[in-house]
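Topology and contacts: notes
Now for the letters of each chain:
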Amino acid sequence: MATPAALATTRIRFRRDAARLTPGQARDVRAAYAGMLALRDADERSYGHFAGLHGLPLPFECQHGTPLFLPWHRAFLYSFERAMRDRVPDATLPWWNWATPDPEVGSIPSLYAEAKSADGANPLFSVPVSEQALQEGVASGRPAPGSSTIRDPGVGGRQLPRDTEVAQLIEIRDFQSFNDALEELHGQVHVWTGGHMGAIPWSGFDPVFWAHHSMVDRLWRLWQMRHGTPGPPQEIWNQALPPFPMTVSQTLDVTLLGYDYASSTASQAIG
Amino acid sequence: MERFVSNPLALPPHADGYAWSDAQLVVYGVDHSGPSHEVRVFLDAPDADATTPLLLEAGYAGCFTVFGHGGCYGDDDHCNPNARFNDEYDLRLPHQSQPQTKVVGVSEALRAIQGDSVLVTLVAVEPGPEGGPKVSDAFRADELRLVTYAAPGDANPPKA
């Protein structure tokens, strides 16, 4: 699937590798998160609002184990990134390239792993879980791992996916098989990261959640480019993706959502 | 359950060479309403547990991950997909707790198996107190099925 440049009236933005951001790009991401975190959870533009859509507070809106897994999460990230850009117009979601040649040395990008940044406390390291989510966890007898997000990467003998697995994944021709295999790798990364990321109710609160799912979304985009087909069966193209005002068909082409994934870009003004 | 050991599952005949090119273990009805865990698959290793090395020589064939809901946070039957009334006019999205199907590629491990049947052992693990894996009782499923696939070129040659 080539970029339909003829349809683009506004330049698309590029989501970039979290390990290769310029200092300015990293600053924009941190500032966008900080801006969303500064809003009350009841405000639908807030970080707490978006984080809570995935799990707690009820209802859980996320889709797993169905053909809607990729479209729903693409709509989720799209909506979150729009909210980021309401705070910082140039901010884009980075992707965490968790595919590693050696699972023993896989790690979380420093952008998210370091408690301090050049600007002070790093809002990509740990954030508070919304009060309502915490209360619902306590009320059900299943409290959160902490009132602010934590991680336990690699504990329990878990491993990150190998780069060879990801290369094989892209070669899978059948969409459903690709979808299932990608969701499996996605689950491995959630469980490898541990802490709040390791369970559906809390995972959306971890700042690295969004970089992880950007990688998942990127792999779908790469699969689409490799095979020249959007993927999901046409029977579900008109399916709505609540709570987002989008259908599956509106998620099939990232360039029509105004973004793409780049390993690098270079540009120069003309004239 | 913590561990599951299958009865012997029949394999395609070996006598004329391998009659398949790809093998998968399909696990149906996997419950994901509880805690997240990993399920390790071993072939002909009925004593496998959380400490068994993840090596082909130990019978290790692969694994799948259950990214779990961590329990129910609602009222009675909130996480029970069978408590819903469904008919052809139901436009809602699938129930969040609808059991899942997991597929594990086991071709390499199955090629190492001699004989005409194989035992499948499933071991569910989660992080233990020392940071290593410990057996988990979070795993629930309905059925497993060992499936082999043959491409036209994989067909057994006719017997002389």
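Conventions used here
Residues numbered from 1 in each chain as written. Chains lettered and ligands numbered in written order. Predicted model: local features only at pLDDT ≥ 70, side-chain atom pairs only at ≥ 80, totals over all residues. Helix = DSSP H or I, 4+ residues; strand = E, 2+ residues; numbered from the N terminus. Buried ≥ 20, exposed ≤ 12 C-beta atoms within 10 Å, placed from the backbone. Contact = placed C-beta atoms within 7 Å. Rg over C-alpha atoms; globule rule 2.2 N^0.38 Å. Pairing = 2+ DSSP bridges. Axes fitted to C-alpha atoms, helices over the stretch in contact; angles between N-to-C directions. Parallel < 35°, antiparallel > 145°, perpendicular 65-115°, else oblique. Nonpolar A, V, L, I, M, F, W, Y, C, P; charged D, E, K, R; others polar. Core = buried A, V, L, I, M, F, W, Y, C linked by C-beta atoms within 7 Å. Left-handed = near helix turned anticlockwise from the far one by under 90°.

A few words on the overall build of chain B. Across its full length, chain B carries one helix and 10 strands. In chain B, the succession of helices and strands from N to C terminus is β-β-β-β-β-β-α-β-β-β-β. Principal axes of the C-alpha set define a box for chain B whose edges measure 65 × 50 × 20 Å. For chain B, the residues scored as buried account for 31% of the 160 residues in total. Partitioning the contacts of chain B with sequence separation of at least 6, the portion at a separation of at least 24 is 79%.

This part covers the overall build of chain A. Looking only at helices and strands, one finds nine helices and six strands in chain A. Rg of the C-alpha trace for chain A: 18 Å, near the compact-globule value of 18 Å for 271 residues, within the 12% margin. When each of the 271 residues of chain A is scored for burial, the buried share is 46%. When contacts within chain A are restricted to residue pairs at least 6 apart in sequence, those whose partners lie at least 24 apart make up 72%.

In this section: the interface of chain B and chain A. If you look at the interface, chain B gives 27 residues, while chain A gives 27 residues. With three residues, the single largest contributor to the side of chain B that touches chain A is strand β8 (residues 120-127) of chain B.

Attention shifts here to the environment of B:T65. On the secondary structure map, B:T65 appears in strand β5 (residues 60-66). For B:T65, a count of 22 C-beta atoms within 10 Å translates into the label buried. Once the C-alpha coordinates of B:T65 and B:R84 are considered, the two residues, 19 residues apart in sequence, prove to be 27 Å apart. Sequence-distant contacts of B:T65, that is, excluding residues within four places in its chain, are made with A:E184, A:G187, A:Q188, A:V191 and B:E38.

All right, on to the pairing of β5(B) then. Residue and element names in this part refer to chain B. In terms of residue burial, β5 counts as a mostly covered element, since seven of its seven residues are buried. Sheet topology note: the strand β4 (residues 37-43)/β5 ladder contains six bridges and is antiparallel. Across the sheet, the residue bridging to E38 is T65, located in β5.

With that settled, the discussion passes to the packing of helix α6 (residues 163-171) of chain A against helix α9 (residues 208-227) of chain A. If you want to describe how two helices pack, look at the angle between their axes and the distance between the axes. All names here are of chain A. Put simply, α6 and α9 touch, their axes get as near as 9 Å, and they point 45° apart. Relative to α9, the element α6 lies oblique. Facing α6, whose interface residues are V166, L169 and I170, α9 presents L219, L222, W223 and R226. Its residues assigned to classes, the contact of α6 with α9 comprises six nonpolar, no polar and one charged.

Another point: the pairing of strand β3 (residues 22-30) of chain B. All names here are of chain B. As judged from the seven bridges shared by β3 and strand β10 (residues 143-149), these two strands associate in the antiparallel manner. Among the inter-strand pairings, D22 is bridged to a residue of β10, identified as Y149. Judged from the five bridges that link them, β3 and strand β6 (residues 100-105) form a sheet pairing that is antiparallel. Across the sheet, L25 pairs through a bridge with V104, a residue of β6.

Among the nonpolar cores identified, the biggest contains 93 residues, and A:A211, B:V41, B:F42, B:L43, B:A61 and B:V106 are the most heavily contacted of them. Once you skip the residues sitting within four places of it in the chain, B:V106 turns out to touch B:A23, B:Q24, B:L25, B:V41, B:L43, B:A61 and B:G62.

Right, let's talk about the sheet that holds β6(B) for a bit. All names here are of chain B. With antiparallel pairing, three strands are arranged side by side in an open sheet as β6-β3-β10. Whereas interior strands pair on both sides, the edge strands pair on one side only; in this sheet they are β6 and β10. When the angles between neighbouring strand axes are averaged without regard to direction, this sheet yields 20°.

Moving on to unusual backbone geometry. Among all residues except glycine, the phi angle is most often negative; among peptide bonds, the trans geometry is most common. Here A:L56 and A:P57 are connected by a cis peptide whose omega angle stands at 0°. If you trace the backbone, A:P57 turns up in the loop between α2 (47-54) and α3 (69-87). Here the residue pair A:P242 and A:P243 is connected by a cis peptide bond, since its omega of 10° sits within 30 degrees of zero. Tracing the backbone shows A:P243 in the loop between β4 (240-241) and β5 (244-247). For B:D44, which is not glycine, the phi dihedral falls at a positive 50°. Within the element layout of this structure, B:D44 appears in the loop between β4 and β5.

So, about the packing of α3(A) against α9(A). Residues and elements named next belong to chain A. Close contact between α3 and α9 brings their axes to 10 Å; oriented N to C, the two are set at 125°. As far as their axial angle goes, α9 and α3 are oblique. Here the hand of the crossing between α3 and α9 comes out left-handed. Each of L70, H73, R74, L77 and F80 in α3 lies in contact with α9, whose residues at this interface are W210, H213, S214, V216, D217 and W220. Tallied by class, the residues present in the contact of α3 with α9 amount to six nonpolar, three polar and two charged.

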